[in-house]
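Spelled out from the first residue to the last, the chains are:
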Amino acid sequence: MAVDEGLKIELGKQGVFVTTIEELYNWGRRSSIWPMQFGLACCAIEMIATTMARYDLARFGSEVFRPSPRQADLMIISGTVTKKMAPQVVRLYNQMAEPRYVIAMGACAISGGPFKQGYNVLKGIDRYIPVDVHIPGCPPRPEALIQAFMTLQKKIDGQALTGEDRPRHLNAEAQGEFPVPVQGEHDLEPTSNPGVWTVPVVIR
Amino acid sequence: MDGAGGDSIVKTVEEIKAAIEAAVPGAGVTVVHNGSPSGQHSLRIEPEHAVEVATFLRDDAELALDFLSNVTGVDFLDKEVSEKIKVTRPVTKTVDGLEQTVEETVEETRKHVEPGYLEAVYHLFSVAKKHGPVVLRMRTRNRSDEVELPSLTPIWRSAEFQEREVFDLYGIVFKGHPDLRRLLMWDEFKDHPMRRDYVEPDDYEYEPTPHDKVLARAQAHKAAAAAGEEKA
């Protein structure tokens, strides 16, 4: 149950802080999203720039990039996912602890981008793992990555801790491990995870 | 690269060919002319003598081709050639009420298949003498079972990864290569994607903005999927 904003401000003036568990919990979740330190292609350069002094992603709580998936909360797919790399990306995602989020950064990560018809490029990482925020761009500017980050924070803030739409880590029945594709004789097998991705309906 | 530069040319391709043939007897060098303005002619060498020729090109004091900058592959498909040949053969005819055998010249179309081949192309430069490129080519016998060529990695170390790439994408097997594994694709992969008859997997199920060839492939995929559903 949300607290009336006006009442909250009035109480704050009197030195009384009123909140809900949900608000406090989500505030904590969204304010300390530590990304995983790995890059796939040229988008990674923009991601690195985003973390540096000029753009300073640390302002949003992603204070430090963790070099281990065990310590990371956010996976930024920064660049082209080749079919050779895709199993490793899925495996890294499986190794991350809940709660975990994914940002697909740039044209390649969301669809294969300019390399879509190549023999070696995966047509979007969302075929294998659930993606929270997609950012277009080739590569997206650091501002776009910050925008995606803020979108993810808004998404976390809006999540209810109970009910159908509760976060995956509070749902015992939610899928935790995602099948790692096998590198076959002609292509990855399977070519997508039907539990995560189905062919979208194109509206023209 | 700098063909028009004048002083950058130490020797023309014909002179290099002569030098190779003098140094390596029976090398069998063919000059492949390039008609474009760049005039970058190349030398086709026989695989049997390739290592000797390459060693000569590297160690020759005048040429001193000490730097291999690029290795690539080319795929030539099997070609069906039809040619018209005039054939003279006896024909039985009735001339003036009598049966006679007359020699007659008939035009006949004959078809035969010229086997394709794979080519490895090497671009050599000389850092010491500041000239190049000298382009070397080697051909395999065919593009199915006799696809072996000698590796030039023992002569120029920089060929190692590039020959691996050519092996991966074209399927040329380099004999004498120290570590011939796939480079870009995974080990279990069976195809050679840069070959002209490579059939890519039919993964055109979602094309939001198709055009040209992609549109055709997406429509073909849709038709095939619909036909599959009807059967099931």
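It should be emphasised that the depicted structure is a prediction, and the values quoted were computed from it without experimental measurement.

Enquirer: What should I look at first to understand the overall build of chain B in this one?
Expert: A tally of regular secondary structure across chain B gives four helices and nine strands. Helices and strands appear in chain B in the N-to-C order α-β-β-α-β-β-β-β-β-β-α-β-α. Its C-alpha atoms give chain B a radius of gyration of 26 Å, clearly above 17 Å, the size a compact globule of 232 residues would have. If one aligns the C-alpha atoms of chain B with their principal axes, the spans along those axes are about 80 × 65 × 35 Å. Looking at chain B residue by residue over its 232 residues, the buried ones come to 24%. In chain B, the share of contacts with a sequence separation of at least 24, taken over all contacts with a separation of at least 6, comes to 57%.

Enquirer: Please clarify how the sheet that holds strand 2 (residues 101-105) of chain A should be interpreted in this entry.
Expert: All names here are of chain A. If you trace the three strands from one edge of the open sheet to the other, you get 1-2-3, paired in parallel fashion. Only two strands of the sheet have a single neighbouring strand rather than two, namely strand 1 (74-78) and strand 3 (133-135). Put simply, the sheet's adjacent strands are angled 15° from each other on average, direction ignored. Both strand 2 and strand 3 contribute to a ladder of three bridges, which runs parallel. Each bridged residue has a counterpart across the sheet, and for Ala 104 the counterpart in strand 3 is His 134.

Enquirer: In this structure, what is going on with the pairing of strand 1 of chain A? I would like to understand it.
Expert: Moving residue by residue along a regular strand, the side chains alternate between the two faces of the sheet. Residue and element names in this part refer to chain A. Taking burial as the measure, the five residues of strand 1 include five buried ones, the bulk of the element. Strand direction decides the pairing type here: strand 1 and strand 2, joined by five bridges, are parallel. Within strand 2, the position partnered with Ser 78 by the bridge is Met 105. Once the chain exits strand 1 it traverses helix 4 (residues 86-95) before rejoining the sheet at strand 2, and the crossover so formed is right-handed.

Enquirer: Would you mind going over helix 1 (residues 5-13) of chain A with me for this structure?
Expert: Structural remark: α-helix, 3.6 residues per turn; residues separated by three or four positions point the same way. For helix 1 of chain A, the buried fraction is low: zero of the nine residues fall into the buried class. Downstream of helix 1 of chain A by one or two residues, A:Gly15 has phi in the positive range, about 85°.

Enquirer: Could you clarify how one ought to interpret the environment of B:Ser126 in this entry?
Expert: Residues and elements named next belong to chain B. By the element assignment, Ser 126 lies in strand 6 (residues 117-126). Here the alpha-carbon distance between Ser 126 and Glu 14, two residues 112 residues apart in the chain, equals 18 Å. Aside from chain neighbours lying at most four places away, what touches Ser 126 is Leu 63, Ala 64, Leu 65, Asp 66, Phe 67, His 131 and Gly 132.

Calculation criteria
- Residues numbered from 1 in each chain as written.
- Chains lettered and ligands numbered in written order.
- Predicted model: local features only at pLDDT ≥ 70, side-chain atom pairs only at ≥ 80, totals over all residues.
- Helix = DSSP H or I, 4+ residues; strand = E, 2+ residues; numbered from the N terminus.
- Rg over C-alpha atoms; globule rule 2.2 N^0.38 Å.
- Buried ≥ 20, exposed ≤ 12 C-beta atoms within 10 Å, placed from the backbone.
- Contact = placed C-beta atoms within 7 Å.
- Pairing = 2+ DSSP bridges.
- Axes fitted to C-alpha atoms, helices over the stretch in contact; angles between N-to-C directions.
- Right-handed = clockwise from strand over helix to strand, strands pointing away.

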